Amino acid sequence: MNGTEYARGLRAIADWYEAHPDMPVPHTEDVGVYGVKETLEEAARIAEALKPCRKEWEKEFFKLVRDFGPLRLKFVFRRSAVCTARRVERIVEVVEWDCPDSLLAGREEVTT
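Rules and cut-offs
- Residues numbered from 1 in each chain as written.
- Predicted model: local features only at pLDDT ≥ 70, side-chain atom pairs only at ≥ 80, totals over all residues.
- Heavy atoms only, no water.
- Helix = DSSP H or I, 4+ residues; strand = E, 2+ residues; numbered from the N terminus.
- Rg over C-alpha atoms; globule rule 2.2 N^0.38 Å.
- Buried < 20%, exposed > 50% of the residue type's maximum accessible area, 1.4 Å probe, protein only.
- Contact = heavy atoms within 4.5 Å.
- Areas by Shrake-Rupley, 256 points an atom, 1.4 Å probe, with all protein chains shown as cover.
- Lys, Arg positive; Asp, Glu negative; His and termini not counted.
- Charge placed at Lys NZ, Arg CZ, Asp CG, Glu CD.
- Expected span 1.5 Å × (residues − 1).
- Polar contact = N/O pair within 3.5 Å; in protein donor to acceptor, adjacent residues only side chain to side chain.
- Patch = residues over 30% accessible without salt bridge, like charges linked within 9 Å, V, L, I, M, F, W, Y side chains within 5 Å.
- Salt bridge = Lys/Arg side-chain N within 4 Å of Asp/Glu carboxyl O.
- Pairing = 2+ DSSP bridges.
- Axes fitted to C-alpha atoms, helices over the stretch in contact; angles between N-to-C directions.
- Arc of directions from axis to C-beta.

A. Spatial organisation of the overall build of the chain. Helix and strand counts for the chain stand at 3 helices and 4 strands. Taken from the N to the C terminus, the helices and strands of the chain come in the order α-β-α-β-β-β-α. For 112 residues, the compact-globule formula gives about 13 Å, and the C-alpha radius of gyration of the chain, at 28 Å, lies well above that figure. Within the chain, buried positions represent 13% of all 112 residues. By sequence separation, contacts in the chain at least 24 residues apart represent 38% of the contacts at least 6 residues apart. Surface exposure of the chain reaches about 10,300 Å², of which carbon and sulfur atoms provide 55%. Averaged over its 18 positive side-chain charges, the chain has a centre that lies 9 Å from the centre of its 21 negative ones.

B. Representation of helix α1 (residues 3-19) in the model. With 17 residues, α1 should cover 24 Å at 1.5 Å per step; its first-to-last C-alpha distance of 24 Å lies within 8% of that length. Taking the backbone nitrogen of Thr4 as reference, a side-chain oxygen 3.0 Å away marks Asn2 as the first, capping residue of α1.

C. Spotlight on a nonpolar patch on the surface. Together, Met1, Tyr6, Leu10 and Ile13 line one region of the surface with nonpolar side chains, adding up to about 460 Å² of accessible area. Along the chain, Ile13 falls in helix α1.

D. Representation of the sheet that holds strand β4 (residues 71-78). Here 4 strands make up an open sheet; going across it, the order is β1-β4-β3-β2 and the pairing mixed. The two strands at the open ends of the sheet, each matched to only one other strand, are β1 (30-33) and β2 (54-58). Here the average twist between neighbouring strands, direction ignored, is 30°.

E. Seen up close, helix α2 (residues 40-50). Residues of α2 that are buried: Glu42, Ala43, Ile46, Ala47 and Leu50. Relative to the axis of α2, the buried residues are bounded by an arc of 135° and lie together on one face. Opposite the buried face of α2, by more than 90 degrees, sit the exposed residues Leu40, Glu41, Arg45 and Ala49. The elements touched by buried residues of α2 are β3 (61-68), β4 and α3 (79-82).

F. Quick peek at the environment of Ala7. Structurally, the position occupied by Ala7 is in helix α1. In this structure the C-alpha to C-alpha distance between Ala7 and Phe77, which are 70 residues apart in sequence, comes to 22 Å.

See the structure below:
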């Protein structure tokens, strides 16, 4: 199926819903497009055509997203296919304090 055929099907569904407004609608607002060619070039091509759009990510997935009224069109890629991984190391200094018992010799220990 190509984009023109898909659009015809969506229009037919829209016409049916307009004729039957009391019918249940799908439980999700997302229209997800999976199985796209997973390359940086393809992601750039889709982003250009989808403007204005935004990017989202979750775990191993990268998404190009555009809202169409109450619906969202999402093109989904594996992050490893279109993003560059960077190793970011965060070093946190952990300090422990040892106070010699001799400081308390002959005194009561007070805790607060």
